[in-house]
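Letter by letter, the chains look like this.
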Amino acid sequence: MTNQPAPDSPAPELFTWEFAADPYPAYAWLREHAPVHRTRLPSGVEAWLVTRYADARQALADQRLSKNPAHHDEPAHAKGKTGIPGERKAELMTHLLNIDPPDHTRLRRLVSTAFTPRRVAEFAPRVQELTDRLIDGFAARGSADLIHEFAFPLPIYAICDLLGVPREDQDDFRDWAGMMIRHGGGPRGGVARSVKKMRGYLAELIHRKREALPETAAPGEDLISGLIRASDHGEHLTENEAAAMAFILLFAGFETTVNLIGNGMYALLTHPDQRERLQSSLAAGESALMETGIEELLRYDGPVELATWRFATAPLTIGGQDIAPGDPVLVVLAAADRDPQRFTDPDVLDLTRSDNQHLGYGHGIHYCLGAPLARLEGRAALTTLLTRLPDLQLAAEPADLRWRGGLIMRGLRALPVEFTAV
């Protein structure tokens, strides 16, 4: 059974610059007329887009949809175009976004202790210190680009601290990461070169840490040391697996938070009633509205537009559409989280929304491991900005803002603001 577009309504054009600026009308059309839609992506790969909430939850938890690219029935022209550019050549494929149980279960267990609510809470003072330091860098100027000067460096430095990257090396990571999130906006091959440099650095850092590793773990031991310790105590973690794990924690752990802060602040700046209500709540020393508000910002315009690649390993049916073995499937989280069958007034930003089981961080065994840290960073960033710079406002017309190209993530290239200098 194939979903056919309505004859009186043309299918929207996907993946244009206009679409990137506001994909939600197109996703609404797909939910209504072609909820499981086969399309050719800009890379040339053909994939199924899943856009309804119920179908999305099913697909995210369906074990017949593998994360391993080896299951892709890919033509020659599509080889290597379904993951992070450069990860194959850099031997960084064996990470959580590319593997299934039992390897996924084993590797996830090794790092899960670093992201427990307790460990994340212990990290909160460092996140607040970074947040204040970055705002100090532009507060006296009265203007800033909140992406490049704030939303981007904050999670980079935080995840580097968590991994155990020495402070003197963290600016290198910032440069490599900056190239990675430009997607098509940087020099040709720049992403792959940055991935290769990061791979070389991580291999050397793992070697140095292994040489200096004390016999017993200290409280709050960094994550790379913990991976090495687990490997040396029989967990069978190869050097490639350790490097790939560190790489994906950095890659997945920073851009999602860049976009949470950037998209979230943009949503608040363009919804002054919601922003004023939140500021009043914060001024009264209350935190409840920020707690529900972060979840609503994740639902309304979340940092991850499409869940990462899945590949059918057996014939299956999603939303009445038959999927063949080897076919790529992309779950459109942004579309599912605006589904009126699941959310009342889904196109309305409501920071008080309580029944908010959004899919912003996924669902099932691949639910985002770093979600507690991302939420902490998002709350700290938005709370501090709204408190320290209370008259913050956009310094550009919304129509003039540009969104980064790319398939998986959704985020602004820049977010110029102005405020009273302090």
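Our structure's up above, just so we're on the same page.
So, here's what we can say about the structure. On a predicted model such as this, the values are computed, not experimentally measured, just so you know. (Residues numbered from 1 in each chain as written. Predicted model: local features only at pLDDT ≥ 70, side-chain atom pairs only at ≥ 80, totals over all residues. Heavy atoms only, no water.)

## Observations concerning the side chain of Thr51
The topology assignment puts Thr51 in the loop between strand S2 (46-50) and helix H3 (53-61). At 2.9 Å, the side chain of Thr51 forms a polar contact with the backbone oxygen of Pro35. Not counting residues within four places of it along the chain, the set of residues in contact with Thr51 comprises Leu30, Arg31, Ala34, Pro35, Val332, Ala335 and Ala336. (Helix = DSSP H or I, 4+ residues; strand = E, 2+ residues; numbered from the N terminus. Polar contact = N/O pair within 3.5 Å; in protein donor to acceptor, adjacent residues only side chain to side chain. Contact = heavy atoms within 4.5 Å.)

## Focus on the environment of Val329
As for its position among the elements, Val329 is in strand S8 (residues 328-331). Val329 gets classed as buried once you look at its relative accessible area, which sits at 1%. Considering only alpha carbons, one finds Val329 and Leu60, 269 residues apart in sequence, at a separation of 9.9 Å. Apart from residues no more than four positions distant in its own chain, Val329 is found in contact with Trp48, Val50, Leu65, Trp309, Arg310, Ile318 and Ile323. (Buried < 20%, exposed > 50% of the residue type's maximum accessible area, 1.4 Å probe, protein only.)

## Observations concerning the sheet that holds strand S4 (residues 143-145)
Strand order in this open sheet of 3 strands is S4-S10-S9, and the pairing throughout is antiparallel. Two strands close off the open sheet at either side, each with one partner strand: S4 and strand S9 (393-394). (Pairing = 2+ DSSP bridges.)

## Thoughts on the environment of Arg193
Position of Arg193 among the secondary structure elements: in helix H9 (residues 190-212). Using a relative accessible area of 46% as the deciding quantity, one classes Arg193 as partly exposed. Considering only alpha carbons, one finds Arg193 and Met179, 14 residues apart in sequence, at a separation of 9.1 Å.

## So, the sheet that holds strand S5 (residues 310-312)
Strand order across the open sheet formed by 5 strands is S1-S2-S8-S5-S3, with mixed pairing between neighbours. Each having just a single partner strand, strand S1 (36-40) and strand S3 (65-66) make up the two edges of the open sheet. Its contacts with the sheet place H3 against S1, S2, S3, S5 and S8, and it is angled at close to 125° to S8. (Axes fitted to C-alpha atoms, helices over the stretch in contact; angles between N-to-C directions.)

## Describing the packing of aromatic side chains
Summed over all chains, the structure comprises 11 aromatic pairs. When the ring of Phe19 is compared with that of Tyr27, the centres are 5.4 Å apart and the planes differ by 85°; the resulting orientation is edge-to-face. For Phe19, a relative accessible area of 7% translates into the label buried. Arranged with centres 6.0 Å apart and planes meeting at 80°, the rings of Tyr266 and Trp403 form a pair that is edge-to-face. Note that Tyr266 is positioned in helix H11 (residues 239-269) and Trp403 in the loop between S9 and strand S10 (416-418), a separation of 137 residues in sequence. Take Tyr266: its relative accessible area is 15%, and that puts it in the buried class. Three or more aromatic residues joined by ring pairs form one cluster here, namely Phe15, Phe19 and Tyr27. The ring of Tyr53 has Arg342 lying over it, and the distance from NZ or CZ to the ring centre is 5.4 Å. Looking at Arg410, its charged tip hangs above the ring of Trp403, at a distance of 3.7 Å from the centre. (Phe/Tyr/Trp six-rings, centres within 6.5 Å; stacked < 30°, edge-to-face > 60°. Lys NZ or Arg CZ within 6 Å of the ring centre and 35° of its normal.)

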